[in-house]
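Commentary on secondary and tertiary structure
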Amino acid sequence: MIYYNSQTKSFLLSGKNYSYGMYINRAGLLQHLYWGKKIGAADAAFLVAAHGLPASPNPDDYNKEIATDGMPSECGSFGRGDFRPATVVVRRKDGAAMSRFRYVSHKIVKGALHLQGMPCARKADETLILTLKDDFSDIELDLNYSVSEDSDVLVRSAVIRNAGKDAAEIAKAFSFCTELPDTRGTYSALRLAGSWARERTPVITPLAEGTLRIESARGYSSHQMNPFLAVLSEGCGEERGECYGFNLLYSGSFAITADVSQNKSIRVQGGINDYLFGWQLQGGDVFATPQAALCYSGEGLGGMSRAYHDFFREYIIDPKRVYMRRPIVINNWEATYFDFDNEKLFSIIDEAAKLGMDTFVLDDGWFGKRDGDASGLGDWFVNERKLKGGLKAVIGHCKEKGLKFGLWFEPEMVSEDSDLYRAHPDWAIGKAGAEPCRSRNQLVLDFTRKEVVDYIFETVSKILRENDISYVKWDKNRDITENYTASLPADRQGEFWHRYALGFYDLAERLTKAFPNVFFEGCAGGGGRFDGGALYYFPQIWTSDDTDGLERTKIQWGTSVCYPVSSMSCHVSACPNHQTGRTTPFATRGAVASLGATGYELDLTKLSEEEKMQVREQIENYKQIDELVLKGDLYRLADPFDGNYFCEMLVGKDKSKAYVVGERFRADPCDHDRVLKLRGLDEGKTYAIRELNVTASGAALMGAGLFCPRLPDCGSWVWHIEEVNKKG
Ligand code: GLA
C-alpha cells in the first residue's frame, strides 16, 4: 500500500509488517523519515512533524545547502554539502560532478517494474516512481519503490536519464540509499563472507563512525562476499529484535556500504561496484540499476530470513519451477572426476535406478578434449572417443533404467587448448600484449560482446535441442581479471563489469526461455554465484563444493540467512570427505542434505549394503518432507558457529507438520543438558514426534523444549513432527 499526503508531501509505503516513510522537504529534497514496524497512514503527519525537522537548527540552512550533511536522504549527492558517500554521481561534459537532485513529480502505478535484460521482482502490488532532477544539469533520476501487502521486502532501484543533449558519464549508480537514525544504541552489521568451500559465513561486527564497505571486485557476486548486508539494532538475536536486510538482486561486481555519520545515523546504500565504474550516457540515454530487496524484521534474524525466503520463492524464482518436486540427482563428479567411460557411467546409473533416484547428471569431462582441467572448455561437442555412441548412448541407458538425464556446462569459459580459442583467441577477456591471468588453466569469454554470447547460445542450444536433457548444471569456475574488452573504446572501459553481467543475464534469459522444460541449476566453483540475480534463472544453486557432513551445517546455516533451503543443492558425498578428509556417519550426511534439494555425489557402486539401505531410507524420508523443504518456514534452533550443535527446523505454513534435523559435533561427557525449544508451531495444537514417541502441545514443545540427544562425534537426529488428529 502506497499512501501519498499532498499536504505534507509525504509518502508512507507499507507491506506486511513494515512501513517506510519519506517526504519532500521545503528545499524540495527527498528526505527519509522512517523504516520500521508497520504504522497507519494517520501517522504520516506525525512523522513529518517529528522526524521531518531539518538536522540543522536553522531551517534556512537548507537553502544554503550545507545543512544536508546531516539530512536523512533517499539519495546522497556529491559536491553540495553532503559529505557522506553519494548514491549517484554523474560527471558532465565540463567535468563537473556536483549534483543536487530535487523533486519534480511522482506517480504510483499498479504492479512491478520490469527491468529489460536484468532479473527483477516478477510482481508487486504497487510501485512508486519518484522523479528528481539535478539542479546543475539535465540529468533526471527516478527512484523506484515496489511494495506488496504480503511481503516484508521493499524492492528498490534507480533509473538515470540524460534529458539533455550533451553526453555525460555516470561515475556511480547505486540502486538504493536509506538511513537509520541514531537511537543511542549500537548497531551492528552482519555480512556473509567466505571463500571457496566456506561460503556465506555470517560475520557480525559493530558499526562505528566511518564506512563499512563490503564488495566484490571479481566480476561476479563471489564466494568471498555475498551481495547482502543486515544491520542489526542493539539486542537483535535469532528470534527477537529489529534488523534491516539489504540484498542486491545482482550477480556482478557489487558494493554495499554502511556509513556512520557524525550524528551517528547510518546511511546504507549499495549497487553496482563503483570502483573504476563508468557509463557513458548520451543525450536521451537511460541507465537502469539492478534492483535491491530491502527487508525489515521485528522478529530478529529468523524473521528476516523467513521474509526473504518467501520473497525469493514468491517474487524471484521462476513460478513454474519454484514449488516443483525436485529430482533426486546422482551426479558423477566426485565419483569419477574426468576419468569415466560408458561402462563406468552405466554402472552408476544402474545403481541409481535400483536405489530410487530420479536424474543422472553427467558433470565435467564429456565434451571436446576434456580429460583434465587444462583443455576443452568452449568446445561443446560430445567427446565420442570417451563416450561411445555419444550422449545418446548415456541418455538411452538412463531411459532404459527409468532415469532422466542432466548435463554440465561452463558456458562462460574457454580453455586455451580448445578449438574455440584457436579460432577466436580474441574472444577471451584480456588485453593484447598482456599475458592473461590464468585460473584453473582457463580464461573467461568476453560476454560483453554479443557475438560471443550468440555463439555460446547456439552451441549449447544445439546440444539441448538434439538430446533429451531435463537438467542443466551451469558452472563458472574462476574470477574475472584484466577487466578489459577490445570491443569498447578507451573512455568506456568502466562499463566492462556491468556489461559482462548483462551478457550473462542475456544468455541465461535466452536459454531458459528457449528450453522451458529444462531445469537449470546454478554453480560457480561451488556456491560462488549464490545471489538473487542468479536465482531468477536458476531455482537451485550448488551451495558449495564442500559436502563434509560437519562443514555443510555451517554453509547451509549461513546461506539460509538470506536464501530459502529449496534453492540450495545439497548432496551426500563419500568419506573420507574429498575436501576435508573427515569421516562422518552416512546418516548424518543424508540428514544434513535433506535440508535442501537433496542428491548424491559419490560412486554408488562402492556403497556397502548397509549404506544402500540407508540411501533407500533417505529417499523415502525425503519424499515425506520435500513439501516442507519447498514451501515451509525455517527456524534455526542451534547455531553451528556457536557451540557443539547444529539444529534447524522446517514448519509447514499451516503448522500441521514440521521436520527437525540436528547434529552434535563432538561427543562430550559433560555436554548433555542442552535444551532445544522448538519454534513456529501452533501453541494450541497437539503434536506427535514420531522418533521420540512423544505427544505434547505446541506450547510445551516451544516453552519447555526437548533435550538434544547424546550422540557420538558428528551424530545426527531427525524428528518428524505431526499434528495429532483431533478426532483420533
Ligand atoms: C566446480 C563445481 C563442481 C564440479 C566441477 C567440475 O568445481 O563446483 O561441482 O562441477 O566444477 O569441474
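Now for a description of the structure that goes with this document. Along each chain, residue indices are assigned from 1 in the same order as the chain's sequence is written. Local features in a predicted model are, by the rule used here, given only for residues with pLDDT of at least 70; side-chain atom pairs are given and counted only at 80 or more, and totals for whole chains, interfaces and linings are based on all residues. Side-chain numbers come from the whole structure's heavy atoms, not from hydrogens or water.

To continue, consider the layout of surface pockets. Of the grid points, spaced at 1 Å and generated over the protein atoms alone, those admitting a 1.4 Å probe that cannot get out make up cavities, while open sets with protein on both sides within 12 Å along at least five of seven lines make up pockets; any residue with an atom within 4 Å of a point is treated as lining. Grid points are joined across faces, edges and corners, and a volume is the space filled by probe spheres set on the points. If you add up the space inside the largest pocket, you get close to 730 Å³. Along the wall of the largest pocket there are 33 residues; nearest its centre are Lys16, Arg306, Asp310, Asp633 and Lys653. When contributions to the lining of the largest pocket are tallied by element, the ones reaching two or more residues are β20 (292-297), α2 (300-316), α12 (609-631) and β31 (633-638). Counting residues per element, the lining of the largest pocket draws most heavily on α2, at eight residues. Residue classes follow a fixed rule: Ala, Val, Leu, Ile, Met, Phe, Trp, Tyr, Cys and Pro count as nonpolar, while Asp, Glu, Lys and Arg count as charged, and any other residue, Gly among them, counts as polar. Residues of the lining of the largest pocket, tallied by class, amount to seven nonpolar, eight polar and 18 charged. To qualify as a helix, a DSSP run of H or I must reach at least 4 residues; to qualify as a strand, a run of E must reach at least 2; elements of each kind are numbered from the N terminus.

For two strands to be treated as a pair, DSSP must find at least two bridges joining them. The strand order across the open sheet formed by six strands is β31-β32-β33-β38-β35-β36, and the pairing between neighbours is antiparallel. If you trace the sheet from one side to the other, it starts and ends with β31 and β36 (694-697), each paired once. When strand polarity is set aside, the average angle formed by the axes of neighbouring strands in this sheet is 20°. In this analysis, two residues are considered to be in contact whenever any of their non-hydrogen atoms come within 4.5 Å of each other. Every angle, taken between N-to-C directions, lies between 0 and 180 degrees, and every axis is a line fitted to C-alpha atoms, over only the stretch in contact when it is a helix. Of the strands in this sheet, β31, β32 (645-651) and β33 (657-664) touch helix α10 (residues 551-560), which is tilted by about 45° from β32.

Looking now at helix α1 (residues 44-51). Of all the positions in α1, only Ala44, Leu47 and Val48 are classed as buried. Projected onto a plane normal to the axis of α1, the buried residues spread over an arc of 95° and lie on a single side. For every residue, the accessible area (1.4 Å probe, protein chains only) is compared with the maximum for its type, and the residue is labelled buried under 20%, exposed over 50%, or partly exposed between those bounds. Note that the arc is defined by the directions from the helix axis to the C-beta atoms.

In this section: the site of the ligand. Throughout, near means a residue has at least one heavy atom within 4 Å of the molecule or strand. The local shell around the ligand holds 13 residues, among which Asp363, Asp364, Lys473, Gly526 and Asp545 are the closest. Here Gly526 contributes a backbone N or O atom positioned 2.8 Å from an oxygen atom of the ligand. Counting of polar contacts relies on pairs of N or O atoms within 3.5 Å, with two restrictions inside protein: one atom must be capable of donating a hydrogen and the other of accepting it, and residues adjacent in sequence are counted only when both atoms are side-chain atoms. In the model, an oxygen atom of the ligand is placed 2.5 Å from a nitrogen or oxygen of the Asp545 side chain. Under the convention used here, a 1.4 Å probe and the Shrake-Rupley method define accessible areas, while residue burial counts only the protein chains that appear. When the ligand is considered free in solution it has 310 Å² of accessible area, and contact with the protein chains removes 96% of it.

Glancing now at the packing of helix α4 (residues 342-355) against helix α5 (residues 390-400). With their axes 10 Å apart at the nearest point, α4 and α5 run at an angle of 20° to one another. With respect to α5, the axis of α4 lies roughly parallel. Our pair here, α4 against α5, has a crossing hand that is right-handed. Taken together, the residues of α5 that come into contact with α4 (itself represented by Asn342, Leu345, Phe346, Ile349 and Asp350) are Ala393, Val394, His397 and Cys398. Across the contact of α4 with α5, the residue classes break down as six nonpolar, two polar and one charged. Just so you know how the angles are binned, under 35 degrees is roughly parallel, over 145 roughly antiparallel, 65 to 115 roughly perpendicular, and the rest oblique. When the near helix sits turned anticlockwise from the far one by under a right angle, the crossing is termed left-handed; a clockwise turn instead gives a right-handed crossing.

So yeah, pure geometry; function would need other evidence.
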